[in-house]
Amino acid sequence: MKNFLILIPIFFPQIAVLIMGIIKFKSDKNRNIYISTVVILNLFFIIGILISNNLREMHLIKINSFLDIYFKIDRLGILFVLLASILWIFTTFYSFVYMTHEGNEKRFFIYFMLTLGVTVGIAFSGNLFTLYLYYEFLTLATFPLVIHSGSKEALRVGKKYLIYSFSGATLALLGIILIFSISNNLNFVENGVLQNISIDNPKLLLTIYMVMFIGFGVKAALVPLHSWLPAAMVAPTPVSSLLHAVAVVKSGIFALIRISYFIFGSDVLKKIHGNYYISILVILTILMGSLLALHQDNLKKRLAYSTVSQLGYILLGIVLLNQNSLTGSLLHLVNHAVIKITLFFCVGAIYFKTGKKYIHEIRGIGKEMPITMWCFAISSISLIGIPPTNGFVSKWYLALGGLGENKAVFVIILLLSALLTAGYLLPIVITAFFPGEEKNILKKEPDLSMLIPIVLLTIIVVFLGLFPNVVLHFIQSIVRNIV
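Here the structure is a predicted model, which is why all the values come from computation and not from measurement. (Residues numbered from 1 in each chain as written. Predicted model: local features only at pLDDT ≥ 70, side-chain atom pairs only at ≥ 80, totals over all residues. Heavy atoms only, no water.)

**Student:** Would you mind showing me how to read the overall build of the protein here?
**Tutor:** Across its full length, the protein carries 20 helices and two strands. Oriented by its inertia axes, the alpha-carbon framework of the protein measures out at about 75 × 55 × 45 Å. Here the protein, with 483 residues, has 60% of them falling under the buried criterion. Considering only contacts within the protein whose residues lie at least 6 apart along the sequence, 81% involve residues at least 24 apart. (Helix = DSSP H or I, 4+ residues; strand = E, 2+ residues; numbered from the N terminus. Buried < 20%, exposed > 50% of the residue type's maximum accessible area, 1.4 Å probe, protein only. Contact = heavy atoms within 4.5 Å.)

**Student:** Looking at this structure, I do not really get the pairing of strand 2 (residues 68–72). What am I missing?
**Tutor:** Put simply, side chains in a regular strand alternate between the two faces of the sheet. Counted residue by residue, strand 2 has four buried out of five residues, so it is predominantly covered. Taking the residues between adjacent antiparallel strands as the criterion, strand 1 (residues 57–62) and strand 2 are bridged by five residues. (Pairing = 2+ DSSP bridges.)

**Student:** It is not clear to me how the nonpolar core should be interpreted in this structure. Could you clarify?
**Tutor:** It is characteristic of soluble globular proteins that their nonpolar side chains tend to be buried jointly. Counting 175 residues, the largest nonpolar core has L128, F216 and F264 as its most contacted members. Among the elements that make up this core, the one with the highest residue count is helix 14 (residues 323–354) (17 residues). With near-sequence residues (within four places) excluded, F216 lies in contact with L128, Y135, G168, A172, I176, G252, A255, L256 and I259. (Core = buried A, V, L, I, M, F, W, Y, C linked by side-chain atoms within 4.5 Å.)

**Student:** Please explain unusual backbone geometry as it appears in this structure.
**Tutor:** Glycine aside, a negative phi is what most residues show, and trans is what most peptide bonds show. Cis geometry is found at the peptide bond from V223 to P224, where omega equals 10°. Here P224 is to be found in the loop between helix 7 (202–217) and helix 8 (228–231). Cis geometry marks the peptide bond from P387 to P388, where omega comes out at 5°. By the element assignment, P388 lies in the loop between helix 16 (370–384) and helix 17 (390–404). Even without being glycine, N104 reaches a positive phi, approximately 50°. In this structure N104 comes out as partly exposed when scored by relative accessible area, which is 49%. The backbone phi angle of N191 is positive, close to 75°, even though this residue is not glycine. Note on placement: N191 falls in the loop between helix 6 (152–183) and helix 7.

**Student:** Looking at this structure, how should I read the layout of surface pockets?
**Tutor:** If a probe as big as a water molecule is rolled over the atoms, it shows which places are left empty. As a volume, the largest pocket reaches approximately 500 Å³. What lines the largest pocket is a set of 25 residues, and nearest its centre among them are M233, V234, N298, K300 and K357. Broken down by secondary-structure element, the contributors of at least two residues to the lining of the largest pocket are helix 6, helix 8, helix 13 (299–319) and helix 14. Ranked by the residues each element gives to the lining of the largest pocket, the list is headed by helix 6, at four residues. Residues belonging to the lining of the largest pocket are distributed by class as follows: twelve nonpolar, five polar and eight charged. The space that makes up the second largest pocket amounts to roughly 380 Å³. (1 Å grid on protein atoms, 1.4 Å probe; cavity = no way out; pocket = protein on both sides within 12 Å on 5 of 7 lines; lining within 4 Å. Points joined across faces, edges and corners; volume = space filled by probe spheres on them. Nonpolar A, V, L, I, M, F, W, Y, C, P; charged D, E, K, R; others polar.)

**Student:** Which parts of the structure should I look at to understand the side chain of E445?
**Tutor:** In this fold, E445 is placed in the loop between helix 18 (408–433) and helix 19 (448–466). One polar contact links the side chain of E445 to the main-chain amide nitrogen of I371, over a distance of 2.6 Å. (Polar contact = N/O pair within 3.5 Å; in protein donor to acceptor, adjacent residues only side chain to side chain.)

**Student:** Mind showing me how you'd approach the packing of aromatic side chains here?
**Tutor:** The relation between two aromatic rings is expressed through the spacing of the ring centres and the mutual angle of the planes. Counted according to the given criterion, the structure contains 25 aromatic pairs. Ring centres of F12 and F45 lie 5.1 Å apart, and the angle between their planes is 90°; on these two criteria the pair is classed as edge-to-face. With F12 in helix 1 (residues 8–22) and F45 in helix 2 (residues 28–50), this pair connects stretches of sequence that are 33 residues apart. For F45, a relative accessible area of 28% translates into the label partly exposed. Put simply, the rings of W88, F93, F96, F108, F109 and F112 pair up and form one aromatic cluster. The side chain of K219 reaches across the aromatic face of Y135, ending 4.3 Å from its centre. Sitting over the face of the ring of F262, R258 holds its NZ or CZ atom 4.7 Å from the ring centroid. (Phe/Tyr/Trp six-rings, centres within 6.5 Å; stacked < 30°, edge-to-face > 60°. Lys NZ or Arg CZ within 6 Å of the ring centre and 35° of its normal.)

**Student:** Help me understand the pattern of salt bridges in this model?
**Tutor:** When the charged atoms of two side chains with opposite charge come close together, those side chains can pair. Per the stated rule, a full pass over the model turns up four salt bridges. Here the salt bridges do not stand alone but share partners, grouping D28, R31 and E105 into one network. (Salt bridge = Lys/Arg side-chain N within 4 Å of Asp/Glu carboxyl O.)

**Student:** Teacher, can you tell me more about the packing of helix 14 against helix 20 (residues 469–482) here?
**Tutor:** When two helices pack together, you describe them by how their axes are tilted relative to each other and by the distance separating the axes. Where helix 14 contacts helix 20, the two axes come as close as 9 Å, and the packing angle between them is 135°. The pairing of helix 14 with helix 20 is recorded here as oblique in orientation. Where helix 14 crosses over helix 20, the handedness of that crossing is right-handed. Contacts from Q323, L326, T327, L330 and L331 in helix 14 reach V471, L472, I475, Q476, I478, V479, R480 and I482 in helix 20. Grouping the amino acids of the contact of helix 14 with helix 20 by side-chain chemistry returns nine nonpolar, three polar and one charged. (Axes fitted to C-alpha atoms, helices over the stretch in contact; angles between N-to-C directions. Parallel < 35°, antiparallel > 145°, perpendicular 65-115°, else oblique. Left-handed = near helix turned anticlockwise from the far one by under 90°.)

Listed below in structure tokens is the structure:
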């Protein structure tokens, strides 16, 4: 019975949503206290489960070896679930003020909490079937958040989001069925379920891997299947930050790590050259994302295309198939999440206080919103990868991974992309701090509920750069067992 405790952080937010739909709160303050309590309690439930050695796995429903809803806690899942749960708390407090600007707050928070439970389900999935199930739930839970405004543009973007997501999931399902026909096993196993199976037809395995990588790669914004992500900027900023930093794109990355290292395994992928063809798409993702970001005047869209490029870094670490590269990939998964959510919060604060969405409109805003813009500047420097920031640490390991495979071209691409990153982020900082028209400067910093998460996240960005071992040793313990 103790193993049922694993289900608490998955279903607790969903039960809380049902209760929230019934309760009529006397004030917004009471509603916000309820929501923040749920989100914080869920993190404590997760921590409580993690410190208990007896709560590691359970089969919720098992009809046969394929239709098996199976949850299992391992180190990779722990990394992802803690990252998501902690950043969810920051987003919650930020949203309390920001969503007063957007309206329909209760509906927003219902789907916001629902998505948290689904994301935990992805992290705790013990096999491909369970992961796929929650992967589909994620699309359904986030769709109302994407179309929150209800405008024609939002509905058009929502339709595009569904088409891309379900198309990718269909390819993923095809791959899952084919893998099951070969291995009769969908459980996540270190070094892969195919490690002891003779490979009679390597081309078939290569095709299956390509199909699954592209299918799950849709949510990871793999070029040329990335256009849904910048389009989704029509959503409120808290949604954009979650889509780009935690829930959707990182779930795609998480799924790709699972199929690469826990289903196929690095040895099998090397034999079938599964990483060779995918690396071409990864290079395109890194460079195209950066180049497209350079041409965006809209602040959120520039950050969106930046995300496409930065996800390419993480994908590169996956397909290089060595310990340094995967260490860099997982480090960047964490670092990019913290950096990008900070950048989006800053942009959201600018829009909330001034209504400005475009780079050419924010000249001199650094004097009106100095704390916000300094946090943006520090996070930008970190994303570029200038030492001693956290972005530098993850990119350093990615470069070591490229050199370890005798592929200096990947290091050159990383350096080129870093220059392009500077090219699309530093002009925002320069424009913001460049003197505007002479006038009386009025401070326009956002309310503390928005400003405190921005400042705390910036401190975390700096801390992870100065003390990377806080997460590095844990990530290395993951990598040693699967590569």
